Amino acid sequence: MNKMHVYDMIVVGGGPGGYTAALYAARAGLDVVVLEKLSAGGQMALTEEIDNYPGFEAGIDGITLAEKMQQQAERFGAKTEYAQVERMDLSAVPKLLETSEGTFYARTVVLATGANPRELGIADEDALVGRGVAYCAACDGMRYRGKTVVVVGGGNSAAADALLLSRIAKQVILVHRRDTLRATKVYHEPLMQAENLEFRWNSTVAELLHEGKLTGVKLKDVKTGEETEIPCDGVFISVGRKPATELVRGQLELDKSGYVAADETTRTSLPGVYAVGDVRTKPLRQVVTAAADGATAVHMAEEFLSGGA
Ligand code: NAP
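These remarks concern the structure in this document. Bear in mind that the values here come from a model prediction, so they are computed numbers and not experimental data.

1. A short note on helix 6 (residues 287–305)
Helical geometry note: an α-helix holds 3.6 residues per turn, so side chains three or four residues apart project in the same direction.
Okay, step 1: Here helix 6 spans 27 Å end to end across 19 residues, near enough to the 27 Å set by a 1.5 Å rise per residue.
Okay, step 2: Within helix 6, the full set of buried residues consists of Val287, Thr289, Ala290, Ala291, Asp293, Gly294, Ala295, Ala297, Val298, Met300 and Ala301.
Okay, step 3: In this fold, the buried residues of helix 6 make contact with strand 1 (6–12), helix 1 (16–27), helix 2 (62–75), strand 6 (102–111) and strand 17 (273–275).
Okay, step 4: Just downstream of helix 6 lies Gly307, where phi reads positive at about 100°.

So, in structure tokens, the structure goes:
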């Protein structure tokens, strides 16, 4: 890499928001590179089947859709560098990004770093990852074929994970701290109909029971305080996401949950820096909304590069 090269745009993160930005930028004739630490797709690549992205009438798996988005952007000249971003100076001119593969410079930056699974924050959670504690049913579910698993959470992720696992595991116990699901209605009926799925309402996981690997969980009823032990082989924690904003903390305005403050324009508190997809404040975090953000960011960046706001 030419160390002094200044890109028109650096996209940080190769999920659907990132690669849509790269596609639009490349088609607009901008010199654009995507910095991706592992492989294309972000959280999308962990999704077994995506049925709500238009154009794929039979559904598509996340990895394939990610590859298609990458190839489409690269067809128009977007580049991908597999590099972990370690530090950014977004106020510098040009903007500077230090990575595992050297320093990159650009006139504009699109942040598409997404959000990672949130942890429960209970004792031994970290130590038991891969030994009974998991955060992604699409990735780790197959290990629990014919076994008993607990899913924690009441949102769309927990509902989707519980349904997926009900087709693999012997028994699924969905533990939610309230008495109704937050998940959209589309999940309710299939969940009620799954014969091997039971609900534990008003309950939280108080303790992970283990002997080297997970053997069960201790649940606490949030209303009565009563504790019960449930033997199980795995616990899937699906309690939401936390935005990947560590690298921009102190540089960009964040909202109270830590997401980058940016409206529909994707503009952040710094000129020439745009936030797309799950990492920004928004009402609905989906592949389709991330992709839309990517297109908008390039539109705004083109205005900026031509001397506008
Ligand atoms: P979410 O909608 O924020 O739901 C998180 C769930 O976890 C809530 O039910 C919450 O309980 C519970 N929770 C949070 N912290 C907890 C804790 N410490 N202990 C126990 N429970 C806790 O998160 P998500 O389900 O991961 O979804 C994230 C985004 O991705 C959403 O915008 C969602 O729509 C989207 N998504 C969509 C799909 C789809 O449409 N197919 C699939 C997956 C994700 P409360 O209800 O009490 O707050």
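2. Examining the sheet that holds strand 12 (residues 203–211)
Okay, step 1: Pairing is antiparallel in the open sheet, where three strands are placed in the order 12-13-14. Two strands bound the open sheet, and with one partner strand each, they are strand 12 and strand 14 (227–231). For this sheet the average axis-to-axis angle between neighbouring strands, irrespective of direction, equals 25°.
Okay, step 2: Note that strand 12 and strand 13 (residues 213–221) share eight bridges and pair antiparallel. Considered in strand 13, the bridge of Glu207 is made with Lys218.

3. Quick word on the side chain of Thr266
Okay, step 1: Residue placement: Thr266 occurs in the loop between strand 16 (241–243) and strand 17.
Okay, step 2: Residue contacts for Thr266: discarding those within four places in its chain leaves Val273, Tyr274, Ala275, Val276, Arg280, Asp293, Thr296 and Ala297.

4. Observations concerning helix 1
Okay, step 1: Along its 12 residues, helix 1 runs 16 Å from first to last C-alpha, staying within 8% of the 16 Å computed at 1.5 Å per residue.
Okay, step 2: All of the buried residues along helix 1 are Pro16, Gly17, Gly18, Tyr19, Thr20, Ala21, Ala22, Leu23, Ala25 and Ala26.
Okay, step 3: Tucked into the core, helix 1 has its buried residues touching strand 1, strand 2 (32–36), helix 2, strand 3 (79–82), strand 6 and helix 6.
Okay, step 4: Just downstream of helix 1 lies Gly29, where phi reads positive at about 85°.

What counts, and at which threshold
Residues numbered from 1 in each chain as written. Predicted model: local features only at pLDDT ≥ 70, side-chain atom pairs only at ≥ 80, totals over all residues. Heavy atoms only, no water. Helix = DSSP H or I, 4+ residues; strand = E, 2+ residues; numbered from the N terminus. Expected span 1.5 Å × (residues − 1). Buried < 20%, exposed > 50% of the residue type's maximum accessible area, 1.4 Å probe, protein only. Contact = heavy atoms within 4.5 Å. Pairing = 2+ DSSP bridges. Axes fitted to C-alpha atoms, helices over the stretch in contact; angles between N-to-C directions.

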